[in-house]
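Coordinate analysis (summary)
Each chain, letter by letter, is given below.
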Amino acid sequence: KSRTLTLKVIDSLKLNYSYFVKENIKELEIYKNTPLFLEFTPLKINKSEIFTFNIENISNTGFQLSINDEQLGDYTFDSTIKSKFGDLKIVTNINYIPNVKSKNNHHKEIMVKYQPSFSLAENYRSQTNISPTSKTSSVLNLTLNSNVPEKTADYLNTLVSFYNLQGIVDKRFISQHTSDFISNRLNIIAEELGDVEKDVEGYKNSNSLTDIQTEVK
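Heads up: these notes are all about the structure in this document. Predicted model, so just to flag it, every value in this text is computed and none were measured.

**So, the sheet that holds strand 8 (residues 86-92)**
- Read across the sheet, three strands follow the order 3-8-7 without closing on themselves; strand pairing throughout is antiparallel. Edge positions in the sheet fall to strand 3 (36-42) and strand 7 (80-82), since each of these pairs with one other strand and no more. On average, adjacent strands in this sheet sit at an angle of 20 degrees to one another, irrespective of strand direction.

This is how it looks when you write it as C-alpha cells:
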C-alpha cells in the first residue's frame with residue numbers, strides 16, 4: 001500500500017478525473033470511452049477539495065460550463081479557460097465510440113469530478129485489501145471493490161506493474177552500490193599494500209638489508 005506507488009498509478013491513468021452521464025434518472029460513470037477529456041490545474045492546492053464540472057449543451061464545437069454550480073459561460077473545445085478555480089481545457093476524444101445499447105449516444109451533458117491525487121490515493125490505499133494466498137506462500141491477493149470493474153482492473157494491474165518495476169530498480173541500485181563499495185575497498189587495500197611495500201623497502205635500504213635470495217646467489 002505504498003503511497004508513492006499509488007500516486008504514480010493515479011497520475012499515470014488520470015484516475016482523479018471521473019466522468020458521468022445521465023441514463024434515465026441515474027448518473028452512470030463512463031471510463032475511457034468518454035466523448036471528451038478535461039485537463040485541470042487548480043490555482044490552490046487543496047488536498048481534499050473535490051471540483052465538479054458540469055458541461056452542458058454540448059455541440060460539435062462548444063459547450064456551456066459551470067464549476068461547483070457556478071456558471072462560467074460558453075466555450076469552444078481545445079481552448080484554455082481561466083477561472084478563479086484554476087486553468088482548464090476540454091478536448092474531444094477522437095477515439096470515442098458511441099454505445100449502441102444506450103438510448104442516448106450523443107450526450108448533451110457530462111459531469112466531471114476532479115479529486116486531488118493525494119486524497120484519492122488515501123481512498124485507494126484504505127480500500128485495497130492485500131492478503132497471502134496461503135500461510136506458506138509469497139504470492140499475494142489484491143482486491144478492490146468498485147462500480148467500474150475495468151477501472152479497478154487497470155488500477156490493480158498498473159500497481160503491480162509499477163511495484164515489479166520498482167523492485168527491479170531497487171535491486172539494480174543495491175547491486176551497483178555493492179559493486180562500487182567493493183571496488184572502493186579494493187582500491188584502498190591496493191593503496192595500503194603499496195604503502196606497506198614502500199615502507200619495507202625503505203626500512204631495508206636504511207638498514208643496509210638485502211633479500212635473502214639475493215644474498216644466496
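**Some points on the pattern of salt bridges**
- Applying the stated criterion to the full structure yields seven salt bridges.
- A salt bridge links Arg3 to Glu122, with the shortest nitrogen-to-oxygen separation between them at 2.8 Å. Note that Arg3 is positioned in helix 1 (residues 3-13) and Glu122 in helix 2 (residues 117-127), a separation of 119 residues in sequence.
- A relative accessible area of 26% means that Glu122 is categorised as partly exposed.
- For Asp154, the salt bridge is made with Lys32, and the minimal N-O distance between the two is 2.8 Å. Highlighted residues: Asp154 in helix 3 (residues 149-206) and Lys32 in the loop between strand 2 (26-30) and strand 3, separated in sequence by 122 residues.
- A residue is classified by how much of its surface remains accessible, and Asp154, at 17% relative accessible area, is buried.
- One salt-bridge network, in which partners are shared between bridges, spans Arg3, Glu122 and Arg125.

The rules behind the values
Position numbers for residues count from 1 along each chain, tracking the sequence in the order it is written. In keeping with the predicted nature of the model, local features appear solely for residues at pLDDT of at least 70, side-chain atom pairs appear and are counted solely at 80 or more, and the whole-chain, interface and lining totals rest on all residues. The side-chain quantities take in all heavy atoms of the structure and omit both hydrogens and water. Two strands form a pair only when DSSP identifies at least two bridges running between them. The way it works is that DSSP assigns letters per residue, a run of H or I at least four long becomes a helix, a run of E at least two long becomes a strand, and they are numbered from the N terminus. Between N-to-C directions, angles cover 0 to 180 degrees, with each direction set by a line fitted to C-alpha atoms, over the stretch in contact for helices. The rule for a salt bridge is simple: a side-chain nitrogen of Lys or Arg has to be within 4 Å of a carboxyl oxygen of Asp or Glu. Classification of residues uses two cut-offs on accessible area relative to the type maximum, computed with a 1.4 Å probe and protein chains only: under 20% is buried, over 50% is exposed, and between them is partly exposed.

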